[in-house]
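Given next are the chains, with one letter for each unit.
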Amino acid sequence: MAFGCRDRRPGAPPGVWALRPRLRGTPRTSRTAGGTPREESARWGTREERNGRGGRGAAVRPRAPRRGRPERDAPHRARPSTRRPRRYMNTEELAELGQQLRVDSVRASAAAGSGHPTSSMSAADLLAVLLAHHLRYDFERPDHPANDRFVLSKGHASPLLYAAYKAAGAIEDGELVTFRKLGSRLEGHPTPRRLPWVETATGSLGQGLPVGVGIALAGQRLDRTGYRVWVLCGDSELAEGSVWEAAEHAGYEHLDNLVAIVDVNRLGQRGPTRHGHDLDAYARRFQAFGWHTVEIDGHDVDAVDRAYGEALSTTGQPTAILARTLKGKGVASVQDREGLHGKPLPEAEEAIAELGGPRDLHVRVGEPQAAAALRSLTTEPVRLPRYDEGDEVATRDAFGAALAALGTARGDVVALDGEVGDSTRTEEFAKAHPDRFFECYIAEQQLVATSVGMAARGWVPYASTFAAFLTRAHDFVRMASISGSGINLVGSHAGVSIGQDGPSQMGLEDLAMFRSLYGSTVLYPCDANQTARLVAAMAGLDGIRYLRTSRGKTPVLYGPDEEFPVGGSKTLRGGEEDRLTIVAAGVTVFEALAAADRLAEDGIRVRVIDAYSVKPVDAETLRRAAEETGCLLTVEDHHPEGGLGDAVAEVFGDGRPVPRLVRLGVRTMPGSAAPDEQLHAVGIDAVGIAAAARLLVEEAVVR
């Protein structure tokens, strides 16, 4: 989240919040399933003792100094708080709060006539204790840098989340019953586009924990304001491979500021889950990735409270709290019964009465720790690399150099890679700014999820891998679009022009994939100076931004001072006698220019447009070209479906006259061959373009 609007203590320098140390208890590293009340009381103190010391333990864990910015790490006095301190609840009050969350989940779903009340009811006690005793969050200032972050990974349990918002005073009861209705902020699955307290869109299961890892990484290595990341997962989604990508990454990075709360309610959509109530099965898996685990009865509020305390005092490891719960808890007709997933309770009023009726408990959520915003606000002019016209430079090389330069100018830019940094050239950024480079290894889902998590914290991520491998993370990109996340994705080794590696390494679907996303920007530069300019421009755009780079070297066409506005294009050849327009992007620009020379020898004048902005495409230039030349020929190193050709065709989908249009692309399954052989084999080299142009203008010569 952006930190543009902040309250500051009087006299504080801009961008600074007050800082005080985070409190933690004695480190714990062994798995435990809880202890006797006497043992737990000795470990954590009585509720009254915890109330007196903030429930965070007594030991102070020293923080590592922020590298390179000592003056911004100095502590500042906390500004006076206008909020009353948190009042810790006793066992009965916590149980009552859990019941209130259940009742309100039932009420919201009943009002909507749809929803997932039973999935909400199983986790009600887990969220009640977190809200009342452990979460530190200012709902009036969701951008506070020290706010804990909460991610509801089981997004279908949104009635529970909205019931918690009501208990915290963030929404009113009247809004609660607008759940799932037209115009309501309370959608079926929560999104940050509607609610400022939601970190990321969830609902596609298996994504909350990976994004939570990204947020926790930002907290550990970038923000350093001491916030905790709490992720509430369902047991069904633990079948997703992305969860275990996240688990391994969190364990490897020792993210002790991350807590996964797993609601093990045994039942999925169609029946029992793979492991049912076998908590130890889940524990063994998390432990294998280096997590500290705690197994509890998820309806015992005191056990839940102790487990959260144990998570807070664990250092060097993320914590997974495995809570045995019952789906539909508290209502006999639905509790732990199959066939009721995703349905409002059949007798809602009777169920509410069985749960003890509506309540109106209000929770004073704990204040976030006062903290200094440690972010570098560097805004120096960007000194992009400059290349001489006529030189040959791969666009991936220009990307790496430009990204490193952008990182020097902007301290909020971070780079991530999927263990191919020597090929994508993000290694240039890693060398220049190692504190802001993140290696995600060969885990593309986690790569994108980490980017989303960091963007949620206000950072500007550039994530890179081969274009072909980004297809593996498409659902994460799709959900990032739903979130309104601002991330930059860069795909290298695009198209058949990569040569001998063969089709498994060739990005041939990426333009279609990214063009189809809501609000996305898709850029495909052909030369080094164009690439550098577009890399810098991406940082200031909204939504999903995708840049396609090429493996092989290409001639530098443009001078270093040339401008390349997003949504624009460049007309490289053109005149009044043009009989055809060739529209190309990336590597095919040079083939189009060579084809234009061939055609000129035959007396056929053609226009050549470099459509470096594939989305938004330069509709005005294309329409003018259609009016003046009458024929358009698109050529792309990509499958014809959804790429540049379709982007051009859509310009004429508004009812105006459609020009003659032919689309050249990769229509066969390529094999291994040299780059020039690949381009010729699929008919997108200069020879193939010239032949298609002759046919289009009816100048074919029979020899």
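Structural data are supplied above this passage.
Residues numbered from 1 in each chain as written. Predicted model: local features only at pLDDT ≥ 70, side-chain atom pairs only at ≥ 80, totals over all residues. Heavy atoms only, no water.

### Focus on the sheet that holds strand E16 (residues 570-573)
In space, the five strands of this open sheet follow the order E16-E18-E17-E20-E21, with mixed pairing throughout. Looking along the sheet, the strands with just one partner apiece sit at the ends: E16 and strand E21 (660-664). Pairs of neighbouring strands in the sheet enclose a mean axial angle of 25°, with direction left out of account. Alignment of strand E17 (residues 580-584) against strand E18 (residues 606-610), held across five bridges, turns out to be parallel. What sits directly across from Ala 584, in E18, is Asp 610. Helix H21 (residues 619-629) contacts E16, E17, E18 and strand E20 (631-635) of the sheet and is inclined by roughly 170° relative to E18. (Pairing = 2+ DSSP bridges. Helix = DSSP H or I, 4+ residues; strand = E, 2+ residues; numbered from the N terminus. Axes fitted to C-alpha atoms, helices over the stretch in contact; angles between N-to-C directions. Contact = heavy atoms within 4.5 Å.)

### Brief notes about the pairing of E18
Among the five residues that make up E18, five are buried, leaving the element largely enclosed by the rest of the structure. Burial along E18 is two-sided: Val 606, Val 608 and Asp 610 facing one way and Arg 607 and Ile 609 facing the other are all buried. Pairing geometry for E16 and E18, over three bridges, is antiparallel. Looking at E18, one finds that Arg 573 is bridged to Val 608. (Buried < 20%, exposed > 50% of the residue type's maximum accessible area, 1.4 Å probe, protein only.)

### Points about the packing of helix H20 (residues 588-601) against helix H24 (residues 686-696)
Where H20 meets H24, the closest approach of the two axes is 8 Å, and the angle between their N-to-C directions is 55°. By the angle class used here, H20 and H24 are oblique. Remark: the crossing between H20 and H24 carries right-handed chirality. Where H20 abuts H24, its residues Glu 591, Ala 592, Ala 594, Ala 595, Arg 598 and Leu 599 lie against Ala 686, Val 687, Ile 689, Ala 690, Ala 693 and Arg 694. Classifying every residue of the contact of H20 with H24 by side-chain character gives nine nonpolar, no polar and three charged. (Parallel < 35°, antiparallel > 145°, perpendicular 65-115°, else oblique. Left-handed = near helix turned anticlockwise from the far one by under 90°. Nonpolar A, V, L, I, M, F, W, Y, C, P; charged D, E, K, R; others polar.)

### Quick notes on the environment of Arg 457
Residue placement: Arg 457 occurs in the loop between helix H16 (444-456) and strand E11 (460-466). The exposure class of Arg 457 is buried, given its relative accessible area of 0%. Taking the C-alpha atoms as reference points, Arg 457 and Leu 222, 235 residues apart in sequence, are found 9.6 Å from one another.

### What to know about the environment of Gly 552
Mapped onto the elements, Gly 552 comes out in the loop between strand E14 (544-548) and strand E15 (553-555). Gly 552 sits 54 residues away from Ile 498 along the chain, and the two C-alpha atoms are 6.8 Å apart. Other than its neighbours up to four places away in sequence, Gly 552 contacts Ala 394 and Thr 395.

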